[in-house]
Amino acid sequence: MANITKKVSWSSRTDESGATGEGTPLLNGSEQPQYSRQLPGGGSLFHIGRLSTVDLEEEMTSDEDSLRGRPKEIPHNEKLLSLKYESLDYDNSENQLFLEEERRMSFIGFRCLEISRWVVCGLIGFLTGLIACFIDIAVEELAGVKYQVVKQNIEKFTEVGGLSISLILWAVLNSAFVMVGAILVAFFEPIAAGSGIPQIKCYLNGVKVPRVVRLKTLLVKVFGVICSVAGGLAVGKEGPMIHSGAVVAAGVSQGRSTSLKRDFKIFEYFRRDTEKRDFVSAGAAAGVSAAFGAPVGGVLFSLEEGASFWNQMLTWRIFFASMISTFTLNFFLSIYHEKPGDLSSPGLINFGRFESDSVAYNLYEIPIFIVMGAIGGLLGALFNVLNYWLTIFRIRYVHRPCLQVMEAMLVAAVTATVSFAMIYFSNDCQPLGPDHSEEYPLQLFCADGEYNSMATAFFNTPERSVRSLFHNQPGTYNPLTLGMFTLTYFFLACWTYGLTVSAGVFIPSLLIGAAWGRLFGILLAAISPSDSIWADPGKYALIGAASQLGGIVRMTLSLTVIMVEATGNVTYGLPIMLVLMTAKIVGDYFVEGIYDLHIKLQSVPFLHWEAPATSHWLTAREVMSSPVTCFNRLEKVGTIVDVLSNTSTNHNGFPVVVHMTGSDEPAKLCGLILRSQLIVLLKHKVFVELARSRLTHRKLQLKDFRDAYPRFPPIQSIHVSQDERECMMDLTEFMNPTPYTVPQETSLPRVFKLFRALGLRHLVVVDDENRVVGLVTRKDLARYTLGKHGLEELQLAQT
């Protein structure tokens, strides 16, 4: 980054002689190609160049310089922004059609819409709870069969010899399950890989991630996570529930399925990005609630990711969806467990209640908890760094679907092999308690009436392993067992997250933290007086789990409430909050959270809440893209078609300008129109000449735009004859006459705050005469955000 001042000019100000300076460059070192094209009729349209992907740290030769405007995508380079991501229109276009519809609607109509929103949120919660119930039952049944078969096989060959057959059987079963899940993801829907939380964070942030809320994505996500967890991978099924809930919300709220090509003619008013975003927030919250039995935590999770658009009624609707989700899951699981009406299973994972006097904490333990938070932050940073470089390796070398499936099967076989070896060489035998709390107690080489303690951690679903670490009596695990388990499971989980399978990182993080937290408690108990009970291993297992999870994912507010709700004891609110904050502070010093890293690896134009700290000296003039493609209020159809068909300038928003009659002054801004709106207008032939000759059947309505949403047809699919190209199109009725604008001298933090808080897609930059001088988009801001360290270096160089 040392040569950034030589390669990047940050100013586009006019010099004293009146000559225009260099165009605003891209942060990756390429300049904005600026050129104009003369159109029939004498008009001139200017185009903003697309993002070129040139690394900041690579010097450009003269041959490369001539090819700067040619887009080429390298999605794994975090200094670049991928061209496949577009922004969502979270700001309503208040054109004449929209205002007329709103003014025609009566008070009762608005009340009916509000009732419809509550009904949709209820449906979202109910369906999300059903999906969570299906996943939980399927995993329990498949994992139960697998572990029972392997257990019987191990017991058989322990007596007669030949345990290698048991190892092969375990590895083959794991690989078979994982192979099915990996094939579903790799060959049918790659976007369903992972937990889906980074994608939902991007969606709520305002980024349109392709195929993220499709029905096909939901099906692959559900069956993929069942196979992943049943296959014994170091993953959890809780994270994907957030993605599943979001997909359910996106589908239900639209009243149709574009994948199945079925339109139920309901909820048509909600077919726009603003409404859909609100329901996706409710779906994500319902997913959190179903996963952890934490409805309030679900609300706060959505709040953390999309707080800029919240209001009181939306908060209540999201909370309602969360409550319905956890109640639905609770109710149907009670029927499955043959205890109808016993609502004691609020989420996919149940930590159990911490109510014993032995797990109460004292004031002098708070510094110990803070130290544990720091340890969790360090371990979380190590986990994230290792996973980051492993993911880069996968992107570069394991990019073919067949290789991705083979890697997933390899990880499954290695996981089974390591687990078997750890159990085989462990001599940690514990007596079977009278309650037989272990689901699959494995005797192996232990004496009669005893079981292998290491098998309790490995030979089980991750959720049951976490619960056993929290609640098993002191003395159940020896320190060596916990230390070896922590070490092996840490690297297995790090290797596993990022595979082409549907899986989450919540439960592996909790399990790692619970293991070393319990070890921490055992060591404290060893150095404390023999009659002291304050260093209870279960208590420190909980603190360690929270610390490790916070160190990896870096969520504070929502995660605190989720952990408190999952434990069922508010007493631990303060310690959990302290360890999560400490883990985040320590971890952020080294590297970002796991979700933010994966967002960067995908080159998504993600905007954080605040602008870079050193950006106050920049203004909208430096950030904006210019010159801008503008349309006249009365524009020729051929001009519009040519602009939309130009693949090198695939813009989505166009300022509309008007020339004063009888004046030679430059055109002034009068509105903004979107590509999607122009596509619909061309499709329905909304031309001035046809309207005058009364050849149109009816006036275009807002319903026509909603019917085309969200998959607007490409411009190539719309036929415009040569005669129609000479027609004129009046944009007055369809453009947004009140777009958000800022003066050229507006500071970058103010532009950033306005853009982020209002969920804008386009922000027009105007001069003192209300003439368009530039346009700020999400990618313009994201380039500067990604390059904030370069800004600091440049500022130091100039001072």
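Anyway, here's the lowdown on the structure attached to this text. Since the structure is predicted, the reported quantities are computational estimates derived from the model, not experimental observations.

With that settled, the discussion passes to the sheet that holds strand E11 (residues 653-658). As summarised here, the arrangement of the 3 strands in space is E9-E11-E12, forming an open sheet in which the pairing is mixed. The open sheet has two edge strands with one neighbour each: strand E9 (631-632) and strand E12 (668-674). Summarising the sheet, E11 and E12 pair through 6 bridges and their orientation is antiparallel. Each bridged residue has a counterpart across the sheet, and for glycine 653 the counterpart in E12 is leucine 674.

With that out of the way, let us pick up a nonpolar patch on the surface. A contiguous nonpolar patch, built from Phe134, Leu215, Leu219, Phe223 and Leu260 and spanning about 470 Å² of accessible area, is present on the exposed surface. Broken down by element, the residue count for the nonpolar patch peaks at 3 residues, all from helix H7 (residues 215-230). In this fold, leucine 219 is placed in helix H7.

The contact between helix H16 (residues 479-496) and helix H17 (residues 506-527) brings their axes to 9 Å, and the two run at 155°. If you check the angle between H16 and H17, you find them roughly antiparallel. Handedness of the crossing formed by H16 with H17: left-handed. On H17, the residues that touch Pro479, Leu482, Gly483, Phe485, Thr486, Tyr489, Phe490 and Ala493 of H16 are Pro508, Leu511, Ile512, Ala515, Trp516, Arg518, Leu519 and Ile522. A class-by-class count of the residues in the contact of H16 with H17 yields 13 nonpolar, 2 polar and 1 charged.

It is worth spelling out helix H28 (residues 748-758) at this point. Since one α-helical turn is 3.6 residues long, residues separated by three or four positions face the same way. Looking only at H28, the buried set comprises Leu748, Pro749, Val751, Phe752, Phe755 and Arg756. Buried residues along H28 cover an arc of 160° about the axis, so they all sit on one side. H28 presents Arg750 and Lys753 as exposed residues on the side facing more than 90 degrees away from its buried surface. Directly beyond the C-terminal end of H28, a positive phi value near 65° is found at glycine 759.

Examined against the element boundaries, serine 228 turns out to sit in helix H7. Engagement of the side chain of serine 228 in a polar contact is seen with the backbone oxygen of serine 502, the distance being 3.0 Å.

Turning to the environment of isoleucine 200, a few remarks are in order. Along the chain, isoleucine 200 falls in helix H6 (residues 197-205). Each C-alpha atom, one on isoleucine 200 and one on valine 212, is 8.0 Å from the other, the two residues being 12 residues apart in sequence.

Note on aromatic pairs: each is described by the distance of the centres and the angle between the planes. Counted by the stated rule, this structure contains 23 aromatic pairs. Aromatic side chains tyrosine 424 and phenylalanine 425 sit 5.1 Å apart centroid to centroid with 85° between the ring planes, which places their arrangement in the edge-to-face category. Judged by relative accessible area, tyrosine 424 falls into the partly exposed class, the value being 35%. Assessed through its relative accessible area of 68%, phenylalanine 425 is described here as exposed.

As a further point, take empty space enclosed by the protein. Counted by the stated rule, this structure contains 3 cavities of 30 Å³ or more. The volume enclosed by the largest cavity comes to roughly 140 Å³. Around the largest cavity, the lining comprises 19 residues; the ones closest to its centre are Tyr147, Gly232, Phe458, Asn460 and Tyr489. With 3 residues, the single largest contributor to the lining of the largest cavity is helix H13 (residues 401-425). The class makeup of the residues in the lining of the largest cavity is 11 nonpolar, 7 polar and 1 charged.

Another aspect to go through is unusual backbone geometry. With an omega of -10°, the peptide bond between serine 626 and proline 627 qualifies as cis. Position of proline 627 among the secondary structure elements: in the loop between helix H22 (620-623) and E9. Here the residue pair tyrosine 709 and proline 710 is connected by a cis peptide bond, since its omega of 0° sits within 30 degrees of zero. With respect to the secondary-structure elements, proline 710 resides in the loop between helix H26 (702-708) and helix H27 (722-725). Backbone geometry at lysine 265 places phi at a positive 60°, although glycine is not the residue there. Note on placement: lysine 265 falls in the loop between strand E6 (262-263) and helix H9 (273-292). The exposed category is assigned to lysine 265, whose relative accessible area is 54%. Even without being glycine, arginine 554 reaches a positive phi, approximately 65°. Relative to the assigned elements, arginine 554 resides in the loop between helix H18 (537-553) and helix H19 (557-567). Residue classification places arginine 554 among the buried residues on the basis of a relative accessible area of 7%.

For the rest of this paragraph, the subject is the sheet that holds strand E14 (residues 741-743). Ordered in space as E14-E15-E16, the 3 strands form an open sheet in which the pairing is mixed. Each end of this open sheet is capped by a strand with a single partner; those strands are E14 and strand E16 (772-777). With strand direction ignored, the average angle separating the axes of adjacent strands in the sheet is 30°. Bridging between E14 and strand E15 (residues 762-766) involves 3 bridges; their strand directions are parallel. In the sheet register, valine 742 faces E15, and the bridge partner there is valine 765. Strands in contact with H28 are E14, E15 and E16; relative to E15, the strand with the most contacts, it is inclined by about 145°.

All right, on to the nonpolar core then. Formed by 145 residues in total, the largest nonpolar core has its most connected members in Phe351, Ile423, Phe470, Leu510 and Val553. When residues in this core are grouped by element, the largest group, 15 residues, is from helix H4 (residues 107-160). Contact partners of phenylalanine 470, with chain neighbours within four places excluded, come to Phe351, Phe354, Ala514, Arg518, Gly538, Ala541, Leu542 and Ala545. Ranked by size, the runner-up nonpolar core spans 30 residues in total, among them Phe631, Val641, Val656 and Ile673.

Before going further, it helps to examine the pattern of salt bridges. A pair can form between side chains of opposite charge whenever their charged atoms are brought close. A full pass over the atoms with the stated rule returns 30 salt bridges. Put simply, aspartate 588 and lysine 584 hold a salt bridge, and the shortest N to O gap is 2.9 Å. With aspartate 588 and lysine 584 both in helix H20 (residues 573-590) and 4 residues apart, this pair spans about one turn of that helix. A relative accessible area of 36% places aspartate 588 in the partly exposed class.

Looking now at H13. End to end, H13 covers 36 Å across 25 residues, agreeing with the expected 36 Å (1.5 Å per residue, within 8%). By the burial criterion, the buried members of H13 are Gln404, Val405, Glu407, Ala408, Val411, Ala412, Thr415, Ala416, Ser419, Phe420, Met422 and Ile423. The inward-facing, buried residues of H13 contact H4, helix H5 (163-188), helix H12 (366-397), strand E8 (450-452), helix H14 (453-458) and H16.

Rules behind the numbers
Residues numbered from 1 in each chain as written. Predicted model: local features only at pLDDT ≥ 70, side-chain atom pairs only at ≥ 80, totals over all residues. Heavy atoms only, no water. Pairing = 2+ DSSP bridges. Helix = DSSP H or I, 4+ residues; strand = E, 2+ residues; numbered from the N terminus. Patch = residues over 30% accessible without salt bridge, like charges linked within 9 Å, V, L, I, M, F, W, Y side chains within 5 Å. Areas by Shrake-Rupley, 256 points an atom, 1.4 Å probe, with all protein chains shown as cover. Salt bridge = Lys/Arg side-chain N within 4 Å of Asp/Glu carboxyl O. Axes fitted to C-alpha atoms, helices over the stretch in contact; angles between N-to-C directions. Parallel < 35°, antiparallel > 145°, perpendicular 65-115°, else oblique. Left-handed = near helix turned anticlockwise from the far one by under 90°. Contact = heavy atoms within 4.5 Å. Nonpolar A, V, L, I, M, F, W, Y, C, P; charged D, E, K, R; others polar. Buried < 20%, exposed > 50% of the residue type's maximum accessible area, 1.4 Å probe, protein only. Arc of directions from axis to C-beta. Polar contact = N/O pair within 3.5 Å; in protein donor to acceptor, adjacent residues only side chain to side chain. Phe/Tyr/Trp six-rings, centres within 6.5 Å; stacked < 30°, edge-to-face > 60°. 1 Å grid on protein atoms, 1.4 Å probe; cavity = no way out; pocket = protein on both sides within 12 Å on 5 of 7 lines; lining within 4 Å. Points joined across faces, edges and corners; volume = space filled by probe spheres on them. Core = buried A, V, L, I, M, F, W, Y, C linked by side-chain atoms within 4.5 Å. Expected span 1.5 Å × (residues − 1).

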